[in-house]
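Chain residues, written in single-letter form:
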Amino acid sequence: MSEALAAVETAGTDTSVPAASGARQFWRRLRAQRAALVAAAVVALLVLVALAAPLLTALEGQDPTTYHPALIDSARGGVPIGSFGGASADHWLGVEPQTGRDMFARLVHGARVSLGVSLGAALVQVVLGVVMGVAAGLGNRWADLILSRITDIFLSMPLMIMALALLAVVPDSVPRPVLVALVIALVSGWSTTAKTVRAQTLALKSLDYVSASRLSGWSTWRTAVRELLPGLAAPVITFTALLIPQNISAEAALSFLGVGVKPPTPSWGQMLTSADVWYQAAPQYLLLPALALFTTVFALTVLGDGVRVALDPRAASRLRVGTGRKRENRAETAVPGPGAAVETAVPGRDATAETAVPRPDATAERAVPGPGAAAAAKEDRA
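Residues numbered from 1 in each chain as written. Predicted model: local features only at pLDDT ≥ 70, side-chain atom pairs only at ≥ 80, totals over all residues. Heavy atoms only, no water.

A separate point is the packing of aromatic side chains. To describe a pair of aromatic rings, one takes the distance between the centres and the angle between the planes. Scanning the model with the defined rule gives four aromatic pairs in all. Judged by centre distance (5.3 Å) and plane angle (65°), the rings of F26 and W27 are edge-to-face. According to the relative accessible area criterion, W27 is partly exposed, its value standing at 47%. Ring centres of W92 and F104 lie 5.0 Å apart, and the angle between their planes is 55°; on these two criteria the pair is classed as tilted. You can see W92 sitting in the loop between strand 2 (79-80) and helix 5 (103-138) and its partner F104 sitting in helix 5, a full 12 residues away along the chain. (Phe/Tyr/Trp six-rings, centres within 6.5 Å; stacked < 30°, edge-to-face > 60°. Buried < 20%, exposed > 50% of the residue type's maximum accessible area, 1.4 Å probe, protein only. Helix = DSSP H or I, 4+ residues; strand = E, 2+ residues; numbered from the N terminus.)

So this is what it looks like as structure tokens:
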């Protein structure tokens, strides 16, 4: 018996086939979503274009700030000369109305500004939200109350009104992209992240391994870094992926309102600011930055949703359960189950017993007549 138990324990703890790690499971679930893969490819291409903007403009032989007055028709109000906005071998996407600046150069350099502002703002939002959420979740009652009320105040602030007020009073000597990123990060986004991180921290704090680390004398900082942050990775990554498209839209809206990135620095929102009066004479000046914004925001949103599904084990388990049920239904329809074959070929024990051996009551009744029956037979013979 002891040898059998030892064999079972050895088989149950066999580690010859390692289990898939969390990162491997995440990539497997993400690869199962084709829309997320296409969105990831689009985002990677946009990031590559933004990083290689100086090389691409040098390959074209243009830059985003040089004016080309000879390529616009001043008699018609500054409309580009030629078809498709003056597109040619020297200017791949045409030129800008009134100024003649190269559209391709401004688009790729505008991608650097828009993506840089959104990524910088998302980084500040995540760091601030994680610090505030963990501090509120691990702190005492008063610390939790104060930090939660501060988070609620920032959560109730309207982004556009506060951003307009802050950007209007800051001098122009401050680098505008950095200022826009800080305003977007501090006014919105981090408060929602802090709320989520606080709720997750309160749930993790009640687990045994976190309680054991605190009872063993670990400091709050060490407990947060060693025990809580690994458990907070999935919701934080999900929020980061969903914050980036929101920040891009916020930067474009602020630049469109005239308080964002200032000329001559190119930005997609800034290009849309002056394009609203040219949608009939030069429609490409409006459509190109609008299409770039739409593609970027849509791809990042789809990718963020795919990351959320890949990091959510409950969603993955629901998908596996649904797939398994479909497979079982197809198997039952195509091939009858083994139970049906056994029941058809071999009758059950109850049926065999009833057929071969009569019940004892019935046997006794047929074999041994009762005393009343014997007396009645004697009377009939007499």
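Next, the rest of the story.
In a regular helix each residue adds 1.5 Å, so 12 residues correspond to 16 Å; helix 8 (residues 176-187) covers 16 Å between its end C-alpha atoms and thus fits that length. Of all the positions in helix 8, only R176, L179, V180, A181, V183, I184, A185 and V187 are classed as buried. Taken from the residues just after helix 8, G189 is the one with a positive phi, measuring 90°. (Expected span 1.5 Å × (residues − 1).)

To continue, consider a nonpolar patch on the surface. A grouping of W142, L145, I146 and I150 is seen on the molecular surface, where their side chains present a nonpolar patch of about 390 Å² in accessible area. Within the element layout of this structure, I146 appears in helix 6 (residues 141-155). (Patch = residues over 30% accessible without salt bridge, like charges linked within 9 Å, V, L, I, M, F, W, Y side chains within 5 Å. Areas by Shrake-Rupley, 256 points an atom, 1.4 Å probe, with all protein chains shown as cover. Salt bridge = Lys/Arg side-chain N within 4 Å of Asp/Glu carboxyl O.)

Here the focus is the side chain of S114. Mapped onto the elements, S114 comes out in helix 5. Among the residues examined, S114 registers a relative accessible area of 0% and is labelled buried. With near-sequence residues (within four places) excluded, S114 lies in contact with I248, E251, S267 and W268. (Contact = heavy atoms within 4.5 Å.)

The next subject is the confidence of the model for the chain. Predicted coordinates in regions of low pLDDT should not be interpreted in detail. The share of residues in the chain with pLDDT of 70 or more is 76%, and the mean pLDDT across the chain is 78. Confidence, expressed as mean pLDDT per element, reaches its minimum in the chain at helix 1 (residues 2-12) with 39 and its maximum at helix 3 (residues 34-51) with 94. Across residues 339-360 the pLDDT falls below 50, and counting only partners more than four positions away or on other chains, this stretch makes three contacts in the model. In this model residues 362-368 is a low-confidence stretch, pLDDT under 50, and it forms two contacts with partners more than four residues away in sequence or in other chains. (pLDDT = per-residue confidence, 0-100.)

Okay, the pattern of salt bridges next. Applying the stated criterion across every chain, the model contains six salt bridges. The partner of R106 in a salt bridge is E96, and the shortest N-O contact between them spans 3.5 Å. On the criterion of sequence distance, the pair formed by R106 in helix 5 and E96 in the loop between strand 2 and helix 5 is long-range, its members being 10 residues apart. Just as R106 is buried, E96 falls in that class too. Close ionic contact of D152 with R149 constitutes a salt bridge, the shortest N to O distance being 2.8 Å.

What follows covers helix 9 (residues 190-205). With 16 residues, helix 9 should reach 22 Å at 1.5 Å per residue; the first-to-last C-alpha distance of 22 Å fits that figure. Those residues of helix 9 that sit buried are W190, S191, T193, A194, V197, T201 and L204. Buried residues of helix 9, viewed axially, fall in a sector of 145°; they line one side. Packing partners of the buried residues in helix 9 comprise helix 5, helix 6, helix 8, helix 10 (208-215) and helix 11 (220-256). (Arc of directions from axis to C-beta.)

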